[in-house]
Amino acid sequence: SQAWQHYQDTILHDVNFLNPMVANLLPMSDSDLLLQKFNSGRARFWGVVPKKGMTTTFKKMNVGDIVLFTRKKRVVSRAVVAHIFDNEELAEHLWGRNKSGETWSHMFAVDCPVNLDITYEQLNKAVGFALNFNHQRFNVLKEIQSKIFIEEFIDDRGSIGEVVSKKEFIQIIDGDLDVDTVVK
C-alpha cells in the first residue's frame, strides 16, 4: 500500500534534510528546529492529508507525543514526535500525491522507531474498544486510554503512577500501514 511504502521510505529510513533537494523545500525556521533536534541532519517524517477532520486532529498533536504505526491489524512500532509543521512541497517531494491529487502536508518528524508487535485485539481490549474494532482513520484516544496503553505496552514497570496528559501521547494508525489514529 501507499502508506506502507511511505513508512519504509521515511520512518524506517531517515531523510537527509540538509540535502539541497530537501533543504530548499524547508523554511529556515523548520530547518533550524530540525537541526537542533537531529544534529546529524537526518530525520524521519510522517504526514497527514489536510482534510477537515484530519486537520482538527492533527492540530491536537504536540512535540513529545508518542506515535504508533500499524500494519495488517498490528501495532508495528512507536516513535516520539520531535517537530510538527506544514509543508506541501516537502510532502510532495517525499511521497508524491494520492489518487485525489492531495499530499500529506500536515507533517511531523519523529525519533528512531521502536519495534512493537501488538494486535488490534490486544490494543482494543486494553483501551476498551470492541475487540473487532478496525482502526480506519487518524484519531485521538482519550486520556485514560493513553494512560492504559502506556502502562500495558510501553511501561514494563507496571503503573506509571500519574495521569498522562492529553498532550503526552499520540497514536497513529494508517491505511495498510492501516489508517491513521492519534492517541491523546
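For the structure, check the block above.
Thresholds applied
Position numbers for residues count from 1 along each chain, tracking the sequence in the order it is written. Residue-level local features of this predicted model are given only where pLDDT is at least 70; pairs of side-chain atoms are given and counted only at 80 or more, and the full residue set underlies all totals for whole chains, interfaces and linings. By convention in this description, side-chain values take in all heavy atoms of the structure and omit both hydrogens and water. Axes, fitted as lines to C-alpha atoms, cover a helix only where it is in contact. Angles between the N-to-C directions of the axes lie from 0 to 180 degrees. The numbering of helices and of strands both runs from the N terminus, where a helix is a DSSP run of H or I of at least 4 residues and a strand a run of E of at least 2. With respect to orientation, any angle under 35 degrees is reported as roughly parallel, any angle over 145 as roughly antiparallel, any angle of 65 to 115 as roughly perpendicular, and every other angle as oblique. We call a crossing left-handed when the near helix sits turned anticlockwise from the far one by less than a right angle, and right-handed when that turn is clockwise. We call two residues contacting when some pair of their heavy atoms lies within 4.5 Å. The classification of residues rests on relative accessible area computed with a 1.4 Å probe and restricted to protein chains. Under 20% of the type maximum is buried, over 50% is exposed, and intermediate values are partly exposed. As used in this structure description, the phrase polar contact means that two N or O atoms lie within 3.5 Å; if the pair is within protein, one of them must be able to donate a hydrogen and the other to accept it, and residues adjacent in sequence are counted only when both atoms belong to side chains. Each aromatic pair joins two rings of Phe, Tyr and Trp (for Trp, the six-membered one) with centres within 6.5 Å, and gets the label stacked for planes under 30 degrees apart, edge-to-face for over 60, and tilted for any other angle. For a ring to carry a charge above it, either NZ of a lysine or CZ of an arginine must fall within 6 Å of the ring centroid while also lying within 35 degrees of the normal to the ring plane. Note on terminology: a nonpolar core comprises buried Ala, Val, Leu, Ile, Met, Phe, Trp, Tyr and Cys residues joined through side-chain atoms within 4.5 Å.

## Some details on the packing of helix H6 (residues 120-127) against helix H7 (residues 143-154)
Phase 1 of the analysis: In contact at an axis separation of 9 Å, H6 and H7 are set at 125° when each is read in the N-to-C sense. On the basis of their axis angle, the class for H6 and H7 is oblique. Remark: the crossing between H6 and H7 carries right-handed chirality. Contacts from Gln122, Leu123, Ala126 and Val127 of H6 reach H7 at Gln145, Ile148, Phe149, Glu152 and Phe153.

## Describing the environment of glutamate 102
Phase 1 of the analysis: Considering the arrangement of structural elements, one finds glutamate 102 in the loop between helix H5 (88-95) and strand E5 (106-110).
Phase 2 of the analysis: Accessibility expressed as a relative area gives 24% for glutamate 102, which makes it partly exposed.
Phase 3 of the analysis: With 10 residues separating them in the primary sequence, glutamate 102 and glutamate 92 have C-alpha atoms 8.7 Å apart.
Phase 4 of the analysis: Setting aside anything within four residues of it in sequence, one finds glutamate 102 in contact with Val49, Lys51, Gly96 and Arg97.

## Digging into unusual backbone geometry
Phase 1 of the analysis: Although it is not a glycine, lysine 72 sits at a positive phi angle of roughly 50°.
Phase 2 of the analysis: Mapped onto the elements, lysine 72 comes out in the loop between strand E3 (66-71) and strand E4 (74-86).

## Quick look at the side chain of serine 77
Phase 1 of the analysis: With respect to the helices, strands and loops of the structure, serine 77 is situated in strand E4.
Phase 2 of the analysis: At a separation of 2.6 Å, a polar atom in the side chain of serine 77 contacts the side chain of tyrosine 7.
Phase 3 of the analysis: Once you skip the residues sitting within four places of it in the chain, serine 77 turns out to touch Tyr7, Val67, Leu68, Phe69, Pro113, Val114, Asn115 and Leu116.

## What to know about the packing of aromatic side chains
Phase 1 of the analysis: Using the criterion set out here, one finds six aromatic pairs in the structure.
Phase 2 of the analysis: Considering the side-chain rings of tryptophan 46 and phenylalanine 69, the 5.2 Å spacing of their centres and the 75° angle between planes classify their relative orientation as edge-to-face. Of this pair, tryptophan 46 sits in strand E2 (residues 42-48) while phenylalanine 69 sits in strand E3, and the two are 23 residues apart along the sequence.
Phase 3 of the analysis: For phenylalanine 69, a relative accessible area of 0% gives the class buried.
Phase 4 of the analysis: Seen from their ring centres, phenylalanine 149 and phenylalanine 153 are 4.9 Å apart, and the 45° between their planes marks the pair as tilted. Here phenylalanine 149 and its partner phenylalanine 153 are both found in helix H7, four residues apart, which amounts to about one turn of the helix.
Phase 5 of the analysis: Phenylalanine 149 gets classed as buried once you look at its relative accessible area, which sits at 0%.
Phase 6 of the analysis: Here a set of aromatic residues connected by ring pairs shows up, and it is made of Trp4, Tyr7, Trp46 and Phe69.
Phase 7 of the analysis: The ring of tryptophan 4 carries arginine 71 above its face, with NZ or CZ at 4.0 Å from the centroid.

## Here's the deal with the nonpolar core
Phase 1 of the analysis: If you look at the biggest cluster of nonpolar residues, it comprises 18 residues, and the most contacted ones within it are Phe17, Phe45 and Met107.
Phase 2 of the analysis: Elements supplying a minimum of two residues to this core: E2, E4, H5 and E5.
Phase 3 of the analysis: With four residues, H5 is the single largest residue contributor to this core.
Phase 4 of the analysis: Residues contacting methionine 107, with those up to four places away along its chain left out, are Phe45, Trp46, Gly47, Phe58, His83, Ile84, Phe85, Asn87, Leu90, Ala91, Leu94 and Trp95.

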